[in-house]
Amino acid sequence: MARKDMSEPDIVSTALARNRLGVPSVVFFGVAGAAPLTVIIGSITTIYAVVGNTAVPLIYFVVAGILSIFTVGFVAMSRHIVNSGAFYSYISHGLGRIPGVGAAFVALPAYALMQIGLFGLFGVVASGVLDGLGFTVGWFTCAIAAWVLTAVLGLLWVDLSGKVLAVLLVAEIAIVLIYDVIMVANPAGGSVSFSTLNPVQVFTPEVAAMMVLAIAGFVGFEATVVLSEETKDPKRTIARATHLAVILAGLLCGLSAWAMSVGAGPRTIVARAESDETDLVFNLVSPHVPEVLINVGYVLFMTSIFAALLAFHAAVSRYQFALGREGVLPRAWGYTHPRTGAPIVGSITQSILALGVLVIYRITGADPLVYLFAWLTTVGGLGVLILMWSASAAVIMFFHKRSDHHEGAWRSRIAPIIAFVLLSIILAATVIGLGDLLQVEDGSIFHWLFPTGYLVFAIAGFIWALIMRKARPGVYHGIGRGGDNAFVADIPRQRSTGLDHPEPMSIKAMMENARANAAVNGHNPWQPELAPPPAAGPAGGGYPPSGYPEGPTPGGYPAGPPGGGHPGHYTGGQYPGGYPGDPYDRRPGEPGPQGYQGGPPPGGYPGGHPDDQRY
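Description of the structure in this document. (Residues numbered from 1 in each chain as written. Predicted model: local features only at pLDDT ≥ 70, side-chain atom pairs only at ≥ 80, totals over all residues. Heavy atoms only, no water.)

1. Let's talk about helix α8 (residues 207–216)
The condition that has to hold: Exposed residues in this analysis have more than 50% of their type's maximum accessible area, buried residues have under 20%, and partly exposed residues fall in between, with area computed by a 1.4 Å probe over protein chains only. Elements are defined by DSSP. Helices are runs of H or I of four residues or more, strands are runs of E of two residues or more, and each kind is numbered from the N terminus. Contacts: residue pairs with any heavy atoms within 4.5 Å of one another.
Every buried residue belonging to α8 is among Val207, Met210, Met211, Val212, Ala214 and Ile215, and all of these are buried. Close packing links the buried residues of α8 with α2 (36–51), α3 (56–78), α14 (368–400), α15 (409–432) and α16 (434–438).

If you want it as structure tokens, here you go:
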């Protein structure tokens, strides 16, 4: 989708920018979310120091293998469902709409916490880098600078954010590989040891805790699916990009963990990690490289965190967009920027939420490294793990209910079942040991508070889905199906200024236009609402209230019977005209429950258009 020329009339769209991203850009988003340099410098060192076991490299390879098995079924499902709601949409299709909304209510806080927590780490690291250059700047000021950049990039073209991530990630991977080569080329004791890769170590008691910490380092790779509606050929691009993101992150983390053990020595790596902490890698390579290469490493450590901030911001804003478009959240969250295609309200909402949390931490004086970064990212990672576990079950059920999916037994049954069992074990270990991961005292409420919180959010989602099923059946039947039924709501943004180009209109003005548009057609844009499906039977009067969301084949009714089809019930989208005799049977230009059929977007303009003479 080409960027619009300023002379074109603008619209507020409910469709994300199409055909913007290829495989490399999507991989960059996935790997950037996993933040390999941040994991190597921070998480790997922490696991060595806290757990005290040298099997860290092996554990990262094992976790990469588990997630690769999960990815097999995950991306197989992505070939059948293209939706920026990702886990929410997949779980809606596999386990049902009610569990799907529950998953959405878990995803929103989980990804928001992951993104906000990273501001704490960025602030501390950036403050340290600037201090080394002779500038005294507090963590909060540095975090606010990152917040401004993230908020602005979140509203710009997604391919621009992808290009920023590409530059940062290529430099990040390059410095990681250089450091790895230097550590392996200068082994402690004069010989390269492979003892930390000994498979026997998998059977040690500390493995469960290590796997929990290691899997948190991969969180973000699944963000590739969130970008599915903005990619070129999504059914192939997302599958390739997701596999590559897992493999690349796993190789970088596993090889780097092994290189660190070689450079420090297998017998002394734990002690060095305890004493050097996040400076371990820099201390291992500094005797063998120019100082400038160390300084570059610190700067790239900072940009690695920023890349993850940008990736998670994109993920959480698109989750909100998907829910707003389908009416699970208020419709305003389903708007995208008229020229960039970025989710407007979702992006702004996440930015405001992050700013509020940062201000609270600044006022309270809480340690940003422990209580902002470590706590929020750990709790957010738990939420994402819950989503992965649920999605693996959804993949099993999705393919079980469809006999003609054309996916092999490995992709549709074997791999998803293996992934579900393995993720069940890891999830149970995480919930049981969460208090230890947060390093709280025995008896503290934080041992159970956060898992219980996610349960409450999920139950709230279940209840909201049940309310929608009864009060708004049209919205309920569209849950998780937004990617196939996207429409464009035309809301003029031109003012009579006497200029050759229309004057750009503010977000506030666009929202006011939306309210005015809704007032003309008698509904509230801030409340999820769709006209109910027709009540009459197939014989000349539409279809039953439940509609035919799938139809006799998994693809639904791609075109519908003569006369059109019913909006929101068939994967082909809205059909001008509707079924003869039902409430959607309208002549061209005649106002009806779904607005005017025959306009530029497929299916007309939902909600009508205040400028009646044009349509």
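2. Considerations on a nonpolar patch on the surface
Spelled out, the test is: Patch criteria: residues need more than 30% relative accessible area and no salt bridge. Like-charged residues are merged within 9 Å; nonpolar side chains of Val, Leu, Ile, Met, Phe, Trp and Tyr are merged within 5 Å. In this description, accessible areas are obtained by the Shrake-Rupley approach with a 1.4 Å probe, and a residue is regarded as covered only by the protein chains that are shown. Salt bridges are identified by distance alone: a Lys or Arg side-chain nitrogen within 4 Å of an Asp or Glu carboxyl oxygen.
Taken together, the side chains of Leu455, Ile459, Phe462, Ile463 and Ile467 make up a nonpolar region of the molecular surface, amounting to roughly 430 Å² of accessible area. In this fold, Ile463 is placed in helix α17 (residues 449–471).

3. With respect to the packing of aromatic side chains
Basically, it comes down to this: The pairing test for Phe, Tyr and Trp rings, Trp by its six-membered ring, is centres within 6.5 Å, and the orientation test on the planes gives stacked under 30 degrees, edge-to-face over 60, and tilted for anything in between.
Summed over all chains, the structure comprises 17 aromatic pairs. Ring centres of Phe74 and Tyr90 lie 5.4 Å apart, and the angle between their planes is 65°; this geometry places the pair in the edge-to-face category. In this pair, Phe74 is assigned in helix α3 and Tyr90 in helix α4 (residues 87–94), connecting sequence segments 16 residues apart. Residue Phe74 is classed as buried on the basis of its relative accessible area, which comes to 0%.

4. Considerations on the pattern of salt bridges
Taken as a whole and assessed by the stated rule, the structure comprises two salt bridges. Residue Asp276 is joined to Arg272 by a salt bridge in which the shortest nitrogen-to-oxygen separation is 3.2 Å. Taken together, the residues span about one helical turn, with Asp276 and Arg272 both in helix α10 (residues 269–276) at a distance of four residues. Given a relative accessible area of 17%, Asp276 falls into the buried group. Taking relative accessible area as the criterion, Arg272 reaches 28% and is therefore assigned partly exposed. Among the salt bridges present, the one from Glu407 reaches Arg411, with a minimum N-O distance of 2.6 Å.

5. Details of the packing of α14 against α17
As a reminder of what qualifies: To obtain each axis, a line is fitted to C-alpha atoms, and for helices this fit is confined to the stretch in contact; angles are then taken between N-to-C directions over 0 to 180 degrees. Note that the term roughly parallel is reserved for angles under 35 degrees, roughly antiparallel for angles over 145, roughly perpendicular for angles of 65 to 115, and oblique for everything else. Helix crossings are classified by the rotation of the near helix relative to the far one: an anticlockwise turn of less than a right angle makes the crossing left-handed, while a clockwise turn makes it right-handed. Nonpolar residues are Ala, Val, Leu, Ile, Met, Phe, Trp, Tyr, Cys and Pro. Charged residues are Asp, Glu, Lys and Arg, and all others, Gly as well, are polar.
For the pair α14 and α17, interaxial distance at closest approach is 11 Å and the crossing angle is 45°. With respect to α17, the element α14 is oriented oblique. Crossing handedness for the pair α14 and α17: right-handed. The segment α14 lies against α17, with Trp375, Val379, Gly380, Leu382, Gly383 and Ile386 engaging Phe450, Pro451 and Tyr454. A breakdown of the residues in the contact of α14 with α17 according to their chemical character gives seven nonpolar, two polar and no charged.

6. Notes on the nonpolar core
The line we're drawing: Throughout, nonpolar core names a set of buried Ala, Val, Leu, Ile, Met, Phe, Trp, Tyr and Cys residues whose side chains join them through atoms within 4.5 Å.
In terms of nonpolar packing, the biggest core is built from 137 residues, with Ile44, Tyr60, Phe70, Phe87 and Tyr111 touching the most fellow members. Sorting elements by how many residues they give to this core places helix α5 (residues 97–132) first, with 20 residues. In contact with Phe70, other than residues within four places in its own chain, are Phe87, Phe221, Met388, Ala391, Ser392, Ala419 and Leu423.

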